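# Close look at the chain arrangement
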Amino acid sequence: MSSSNKLAAMGTESESMLQLAAEAFRAKNFDLAADIYECQLAALAEEDTRHELTVKRADALAFGGKFAEAFMVYRRAAEMERLKPAHLDNLVDYLTSITRLDNDNDRRGEDTEARATAAGHPDAKATGCRGEDLSCRICLSSLFEPVTLACGHCFCKKCLEREKKDKEVICKECRLSSGVAVHSFRVNVVLSNILAKWFPRVYQAGQLRREGNGLYSEKKVEAALEKYNQAILISPMDHILFSNRSQIYSSLKDYEKALRDAEMACRLMPLWSKGHVRKAQALVSLGRTEEALREYLLCLSIEPECRLARNEVHKLLSDLLAPVVTDKVPISDFPSILPSRRHMKNGVSVTSQLFDSVRPSLEWSMASGAQEDRNMDHCLLHKRKRRITKEEWEKGQEEEGKSDAKKRLKSESAEVNNLWSSPVGEILDPTDLECSLCMRLLYEPVTTPCGHSFCLQCLKRCLDHNPKCPLCKEELSEYLVQRQYCKTTLMENLIERYLPSELMERQKIHNEEMAELSNLNKNVPIFVCTMAFPTVPCPLHIFEPCYRLMIRRCMETGTNCFGMCLGDDLKGFADYGCLLEIRDVQFFSDGRSVVDTIGRRRFKVVQQRERDGYNTADIEYLEDVKVEGLAVGELQSLHDSVYDQALVWVNSLKTEQKERIEGHFGPIPEKDSELQVFRQLF
């Protein structure tokens, strides 16, 4: 065999082995994959290929649990060529998967526990006031300026605005698309007013946070810091306040304070990824890269889609593995950067002992941020009228008796508990959740993109007449096209929990209305149009608001039926008609609809009435008299004659005309074998 053929054979064999190694890696046989890559490396001389295979061997070793050996191989690859993000993707995925796999089963339970404890109401389930019900699923904090998506779930407006303004919002709760861009949504007026009434301190802190964000965006960092100091005084258990103040301190190059606030945010909300990002950023600024890397990995285990954390992990790993810094980081220390379950659990458990473990730093941060003229009636901690040094404050604390300290701690903890365990049932007024159209308690509440809430049926009736919001007159044509009338989940839950008697009364009224509307003998809806017959299809074009309401009510009650009568100039409509059954409705974007109906039973009008703009009537159904004797033969002869004439007429039509008639009414029916079989359909 020639040398060229030998090289070709060796190349083919090498490709087969590499393919086998890749298959072994996918099959999670990492030891076999690592051995194959090692054998192939021994036979290779090309630097580019050696670098790639070295990285793959390191990946296999890492996934196989051989961390020390894996990092040595990674460093060897870094000595050949600086590792790029693509080279470290597998390593990052594995490091983050360790924590994610360990904590997936109980993360939700820990998250709920942490939120309940951080909100200061561990007995929330007993009191019925659960903080998670009033929290945003994005920031995990209490809702501020709540926005209701088309699916009915609520989030903070600021959280949604972080999305691109021209991008459709994807609900973090149900993963459904809103179909509307972020800028189209407004604050839910009813919910915003309720939250401000129930939790004035939290609402005031949210306003200060918004003002601080505005000042920070204007580069007025010191003024923004003062706003956040005030906000933390009012709401010292809000993790977002500490996280944002950490960012402000970082802008002021005060990285120690930035780290302290970031750590506080992580203690208050251990499973909030942004808090760990803030902590990692502060650690990087302080030169503590290994700890920063661990925090970024912990962030990725909580939120795998966090691009910022992934990019920073790539950068830090690349720097740590680079030859210029290798001597500073021993290989044996690398496993310590892994985020562990203990690290996460400690963050959750420390929250329950928050005031014991972090009271000095917390109260110092509050005291140092106080100004002379600050006068807040509901401040959770002691007011201070002058600035003091940290040393003076600590000295004063040491002089206090232990019993006094315990009393103050108990008092302050009780005040924090009261922040979330307010007697909601006492301060909630049914008028807070009242529909502005029917002036009754909201029933099946829905919220428009402009932020106003109405009963579902009230809103539909208004949109029948005008595709604009009944209150602010904002155009709702796009909302009408989608026809997504999803109930506002949070509002419905609040009504069920805190207004059960009022809801029962409201449901009773609704059920009585439905029972009245579903009666097919009294107040039957009448559509005045043309003549209809039993068994004959009758498609209708509905465009008038009163008939839109009539058709919708027929479908909501479940009867799917209404009467059809000819018009009469004197009486309004004829004394006889036919009951139609709705088989299908096709809605158009402007509110019009095509209703597919079929005739069922003939009736006689007993008394004419009117309801909400359309006609109704009390009716009696007509029953045919059964013929006997000689009349049966005459009936059969008449039936056959009429059927034959109809058949001749249909067959005499042109093909186009015949197809149109059959497309509208269907093919001509077969001749009845039994003439006097009465089909009672209702």
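Everything below is about the structure printed above this text.
Because the structure is predicted, anything quoted here is derived from the model rather than measured. (Residues numbered from 1 in each chain as written. Predicted model: local features only at pLDDT ≥ 70, side-chain atom pairs only at ≥ 80, totals over all residues. Heavy atoms only, no water.)

Tallying secondary structure elements over the protein chain gives 29 helices and 12 strands in all. In the protein chain, which comprises 682 residues, the share counted as buried stands at 44%. Accessible surface computed for the protein chain: about 35,700 Å², of which carbon and sulfur atoms make up 50%. (Helix = DSSP H or I, 4+ residues; strand = E, 2+ residues; numbered from the N terminus. Buried < 20%, exposed > 50% of the residue type's maximum accessible area, 1.4 Å probe, protein only. Areas by Shrake-Rupley, 256 points an atom, 1.4 Å probe, with all protein chains shown as cover.)

A covalent bond bridging the sulfur atoms of two cysteines is what the word disulfide describes. Within this structure, the stated rule accounts for 0 disulfides. Cysteine Cys136 remains unbridged, with the sulfur of Cys159 as its closest cysteine sulfur at 3.8 Å. Note on Cys136: relative accessible area 0%, which makes it buried. (Disulfide = S-S within 2.5 Å.)

On to helix 26 (residues 500-517), then. With 18 residues, helix 26 extends 25 Å between its outermost C-alpha atoms, agreeing within 8% with the 26 Å of an ideal straight helix rising 1.5 Å per residue. Buried within helix 26 we find Leu503, Arg506, His510, Met514 and Leu517. For helix 26, the buried positions fall inside an angular range of 80° around the axis, keeping them on one side. Here the buried face of helix 26 lies against strand 6 (453-455), helix 25 (489-498), helix 27 (545-557), strand 11 (593-611) and strand 12 (614-621). (Expected span 1.5 Å × (residues − 1). Arc of directions from axis to C-beta. Contact = heavy atoms within 4.5 Å.)

Where helix 10 (residues 200-217) meets helix 12 (residues 239-251), the axes come as close as 11 Å, and the angle between the chain directions of the two elements is 25°. By the angle between their axes, helix 10 is roughly parallel relative to helix 12. Judged by the sense of rotation from one axis to the other, the crossing of helix 10 with helix 12 is left-handed. For the pair formed by helix 10 and helix 12, the contact residues are Ala205, Arg209, Asn213 and Tyr216 on the first element and Ile240, Leu241, Asn244, Gln247, Ile248 and Ser251 on the second. Taken together, the residues of the contact of helix 10 with helix 12 sort by class into 5 nonpolar, 4 polar and 1 charged. (Axes fitted to C-alpha atoms, helices over the stretch in contact; angles between N-to-C directions. Parallel < 35°, antiparallel > 145°, perpendicular 65-115°, else oblique. Left-handed = near helix turned anticlockwise from the far one by under 90°. Nonpolar A, V, L, I, M, F, W, Y, C, P; charged D, E, K, R; others polar.)

The next point concerns the pattern of salt bridges. Applying the stated criterion across every chain yields a total of 33 salt bridges. With its nearest N and O atoms 3.6 Å apart, the salt bridge here joins Arg440 to Glu513. You can see Arg440 sitting in the loop between helix 22 (424-427) and strand 5 (445-447) and its partner Glu513 sitting in helix 26, a full 73 residues away along the chain. Judged by relative accessible area, Arg440 falls into the partly exposed class, the value being 29%. The salt bridge partner of Glu516 is Arg611, with a shortest N-O separation of 2.9 Å. Placement of the pair is Glu516 in helix 26 and Arg611 in strand 11, with a sequence separation of 95 residues. Where salt bridges share partners, they join Arg461, Glu516, Arg553, Arg611 and Asp612 into one cluster. (Salt bridge = Lys/Arg side-chain N within 4 Å of Asp/Glu carboxyl O.)

Where nonpolar side chains cluster on the molecular surface, the patch consists of Met531, Phe533 and Leu566 and spans about 280 Å² of accessible area. You can see Leu566 is positioned in strand 9 (residues 561-568). According to the relative accessible area criterion, Leu566 is partly exposed, its value standing at 33%. (Patch = residues over 30% accessible without salt bridge, like charges linked within 9 Å, V, L, I, M, F, W, Y side chains within 5 Å.)

Quick look at the pairing of strand 7 (residues 524-529) now. Inspection of the sheet shows strand 7 paired to strand 12 by 3 bridges, in the antiparallel sense. Bridge pairing links Ile526 to Asn615 in strand 12. With 4 bridges connecting them, strand 7 and strand 9 associate as parallel partners. Considered in strand 9, the bridge of Phe527 is made with Met564. (Pairing = 2+ DSSP bridges.)

Going through the model one piece at a time under the given rule, you end up with 8 aromatic pairs. A ring pair is formed by Trp198 and Phe199, whose centres lie 6.3 Å apart and whose planes are at 90°; its orientation type is edge-to-face. Of the two residues, Trp198 and Phe199, neither departs from the other in class, the shared state being buried. Note that Arg592 overlies the ring of Phe588, its terminal NZ or CZ placed 4.9 Å from the centroid. Directly above the ring of Tyr621 sits Arg601, whose terminal nitrogen or CZ lies 4.2 Å from the centroid. (Phe/Tyr/Trp six-rings, centres within 6.5 Å; stacked < 30°, edge-to-face > 60°. Lys NZ or Arg CZ within 6 Å of the ring centre and 35° of its normal.)

Note that Ile598 resides in strand 11. The exposure class of Ile598 is buried, given its relative accessible area of 9%. Through-space distance from the C-alpha of Ile598 to that of Cys578 is 9.7 Å; in sequence the pair is 20 residues apart. What Ile598 contacts, discounting residues up to four positions off in sequence, is Thr535, Val536, Pro537, Cys538, Leu579, Leu580, Glu581 and Arg583.

Here we come to the side chain of Thr488. Here Thr488 lies in the loop between helix 24 (477-482) and helix 25. For Thr488, the contacting residues outside a window of four places in its chain are Thr148, Gly152, Cys154, Asn188, Pro445, Val446 and Thr447.

Nothing here speaks to function; it is geometry throughout.
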